[in-house]
Amino acid sequence: MVQRERVAENVYSFQSEVYAQVTAGAVIGPSWAVVIDTLALPEETLSIRDFIEQELQVPVRYVIDTHYHADHSWGNCFFPGATVIAHRLCREWLDMRSRAALEEARHHTLEYRSVKIVLPHLTFDRGNMSLRVGKKTLSMMPLPGHSGDNIGVMVEEDRVLFAGDVFMPLPYIVDGDIEDMIASLKLISKLGLENVVQGHGDIVLRGEVEGAVKDNLNYLSAIRKAVRKASRRKYPWDLLEEVDVESCGKSRVLIGGLAEDLHRQNLRALFEQLYGKPPASSEDEYGNGHR
Ligand SMILES: [Zn+2]
C-alpha cells in the first residue's frame, strides 16, 4: 500500500498506492530519524514508522509537516515522542481548520477515529531553518503557492528537495495563490537539484526538473489566460466549461486520474480569486427566471 524508494544514502521517499499518489520522506541519522509528511491513512503512516523504527532501528525524533493538509499532517499523532516542525501558518490552520475537518472525516472513514490533530511544536515564518541529522543538513524554506504555509525541505548534501504540494504533476492552487506558486517554482528551478520529491506523483530527476517546472508554469499561464478571457463574458462559466485539462497542456491521467477534476477546481478558484463569484451559467440564470 506504500511504495518505498531510496533517493540517496539514508534518504527515502514513500508514495501512497491508495490516495492520490501522495508522498512522504525520511532522513535517517545514526541515532535518530526525521520524517517529512505522514501520508493519508493511519495504516500508511504506521508502515513508515515500522520501517524506520523496526527495520532500521532508529527512533523518529522529528516530524516535519510541509503543510497542514490532511494527507500530509494527520499522521503526526503516530509519532508521540517526536517534535513536529512546520511553518507558523501550518500550526495556525491545523488548529483553526483541521479539527472540524477531522470530525467530519471520521463520519465516513472509520480509520480516522484513531487520528488526533497534533500541532507543530516548533515553527518558523520567514527565512530558512536548518536541522542537522548525522552528516546531513536539512534546510527548510517557505515555498507558498499550493497553500500559504507550504515549506520545502532540502537535503543540502544530496541536493534532494522534498517540495510539498507546491510541486505536483498538475499544479493545484485552490487553497493557495497563483503568483506565489510561480515564484516558488522559479526559485526551485534555481536550486541545482538532483531530485525533487513532489507532494504527489513520482520523483522528478535532475534532467527533468527544468522541463517539469516549465510545464507547470505553462499550465498556470494557460489557466490564467482562460480565466481572463472568460471574465469578459457575461456568463464566464459557459466558456470555462469547455476548457479541459488537455487544452491547458496537461494529461488527464495525472495524479491517478484526478487531473481533470483538480483542473476544474483550479479554474473555478482562480476565477473567484481574481474576479469574484460569477453567475453559474446562462442556463442556470434562465432556469431561475431572471430574464
Ligand atoms: Zn496539499
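Above: the structure in question.
Here the structure is a predicted model, which means the values were calculated and not measured.

### Describing the sheet that holds strand β3 (residues 23-28)
No. 1: Spatially, 7 strands are ordered β1-β2-β3-β4-β5-β6-β7 in an open sheet, and the strand pairing comes out mixed. Every interior strand has two partners, whereas the edge strands, β1 (2-8) and β7 (122-124), have only one. Adjacent strand axes in the sheet meet at a mean angle of 20° when their direction is disregarded.
No. 2: Summarising the sheet, strand β5 (residues 60-64) and strand β6 (residues 83-87) pair through 3 bridges and their orientation is parallel. If you follow Val63 over to β6, its bridge partner there is Val84.
No. 3: Together, β6 and β7 form the strand contacts of helix α3 (residues 88-108), whose direction differs from that of β6 by roughly 105°.

### Description of the coordination of the zinc ion
No. 1: For the zinc ion, the full set of protein donor atoms is His67 (NE2), His69 (ND1), His146 (NE2) and Asp165 (OD), at a range of 2.2 to 2.3 Å.
No. 2: Linear spacing of the donor residues for the zinc ion on their chain is H-x1-H-x76-H-x18-D. Taken together, the residues span a long stretch of sequence, with His146 in the loop between β9 (136-142) and β10 (151-155) and Asp165 in the loop between β11 (160-164) and α4 (178-189) at a distance of 19 residues.
No. 3: Overall, the relative accessible area of 2% leaves His146 in the buried class.
No. 4: A relative accessible area of 2% places Asp165 in the buried class.

### Considering the side chain of Thr23
No. 1: Mapped onto the secondary structure, Thr23 falls in strand β3.
No. 2: In this structure the side chain of Thr23 is engaged in a polar contact, spanning 2.6 Å, whose partner is the backbone oxygen of Gln198.
No. 3: Excluding residues that lie within four positions of it along the chain, Thr23 makes contacts with Phe14, Gln15, Asp37, Leu39, His72, Val197, Gln198, Gly199, His200 and Gly201.

### Focus on helix α5 (residues 206-231)
No. 1: With 26 residues, α5 should reach 38 Å at 1.5 Å per residue; the first-to-last C-alpha distance of 39 Å fits that figure.
No. 2: Looking at the buried positions of α5, the neighbouring elements they touch are α4, β12 (195-198), β13 (204-205), α6 (236-240) and α8 (259-275).

### Observations concerning the pairing of β3
No. 1: Of all the 6 residues making up β3, 6 are buried; the element is thus mostly covered by neighbouring parts of the structure.
No. 2: Burial along β3 is two-sided: Thr23, Gly25 and Val27 and Ala24, Ala26 and Ile28, pointing in opposite directions, are all buried.
No. 3: Here strand β2 (residues 11-16) folds back onto β3, and the loop between the two strands holds 6 residues, one of which, Ala20, carries a positive phi near 50°.
No. 4: In the sheet, β3 pairs with strand β4 (residues 33-36) via 4 bridges, with the strands oriented antiparallel. The residue bridging Ala26 from the neighbouring strand is Val35, located in β4.

### Examining a positive patch on the surface
No. 1: Together, Lys225, Arg228, Lys229, Arg232 and Arg233 make up a region of like positive charge exposed at the surface.
No. 2: Within the secondary structure, Lys225 sits in helix α5.
No. 3: Residue classification places Lys225 among the exposed residues on the basis of a relative accessible area of 62%.

### Some words on the pattern of salt bridges
No. 1: Enumeration according to the criterion identifies 15 salt bridges in this entry.
No. 2: Between Lys136 and Asp158 there is a salt bridge; the shortest N-O distance is 2.7 Å. Here Lys136 is found in strand β9, whereas its partner Asp158 is found in the loop between β10 and β11, with 22 residues between them in sequence.
No. 3: Salt-bridge contacts for Arg264 lead to Glu260; the nearest nitrogen and oxygen are separated by 3.2 Å. In this pair, Arg264 and Glu260 are both assigned in helix α8, 4 residues apart and thus about one turn of the helix distant.

### Observations concerning the state of the cysteines
No. 1: According to the stated counting rule, one finds 0 disulfides in the structure shown.
No. 2: Left unpaired, Cys77 is separated from the closest cysteine sulfur, that of Cys90, by 14 Å.
No. 3: Residue classification places Cys77 among the buried residues on the basis of a relative accessible area of 17%.
No. 4: Residue Cys90 is classed as buried on the basis of its relative accessible area of 0%.

Conventions used here
- Numbering of residues starts from 1 in each chain and follows the order in which that chain's sequence is written.
- For this predicted model, a pLDDT threshold of at least 70 governs which residues receive local features, and a threshold of 80 or more governs which side-chain atom pairs are given and counted, while totals over whole chains, interfaces and linings are taken from all residues.
- Hydrogens are left out, water is left out, and the side-chain values use all remaining heavy atoms of the structure.
- One bridge is not enough; two strands pair if DSSP finds at least two bridges between them.
- In this text, helices come from DSSP runs of H or I with a minimum length of four residues, and strands from runs of E with a minimum of two, each type numbered from the N-terminal end.
- Only C-alpha atoms enter the line fits that serve as axes; for helices the fit covers just the stretch in contact. Angles between N-to-C directions range over 0 to 180 degrees.
- Contacts between residues were defined by any pair of non-hydrogen atoms, one from each residue, lying within 4.5 Å.
- For Na, K and Ca the donor cut-off is 3.2 Å, and for all other metals it is 2.8 Å, counting N, O and S atoms only; because water is absent from this set, sites may look incomplete.
- For the exposure calls, accessible area comes from a 1.4 Å probe over protein chains only, and a residue counts as buried if that area is under 20% of its type's maximum, exposed if over 50%, partly exposed in between.
- Counted as a polar contact is a pair of N or O atoms within 3.5 Å, where, for protein atoms, one must be capable of donating a hydrogen and the other of accepting one, and residues adjacent in sequence contribute only when both atoms are in side chains.
- Here a helix's expected span is defined as the number of its residues, less one, multiplied by 1.5 Å.
- Think of a patch as exposed residues, more than 30% relative accessible area, with no salt bridge, where like charges cluster within 9 Å and nonpolar side chains (Val, Leu, Ile, Met, Phe, Trp, Tyr) cluster within 5 Å.
- Surface exposure here means Shrake-Rupley accessible area, sampled with a 1.4 Å probe, where a residue is shielded only by the protein chains that are shown.
- When a carboxyl oxygen of Asp or Glu is within 4 Å of a side-chain nitrogen of Lys or Arg, the pair counts as a salt bridge.
- Here Asp and Glu are counted as negative and Lys and Arg as positive; His is not counted, and neither are the chain ends.
- All charge positions are set by atom: Lys at NZ, Arg at CZ, Asp at CG, Glu at CD.
- A pair of cysteine sulfur atoms is labelled a disulfide when the two atoms are within 2.5 Å.

So yeah, pure geometry; function would need other evidence.
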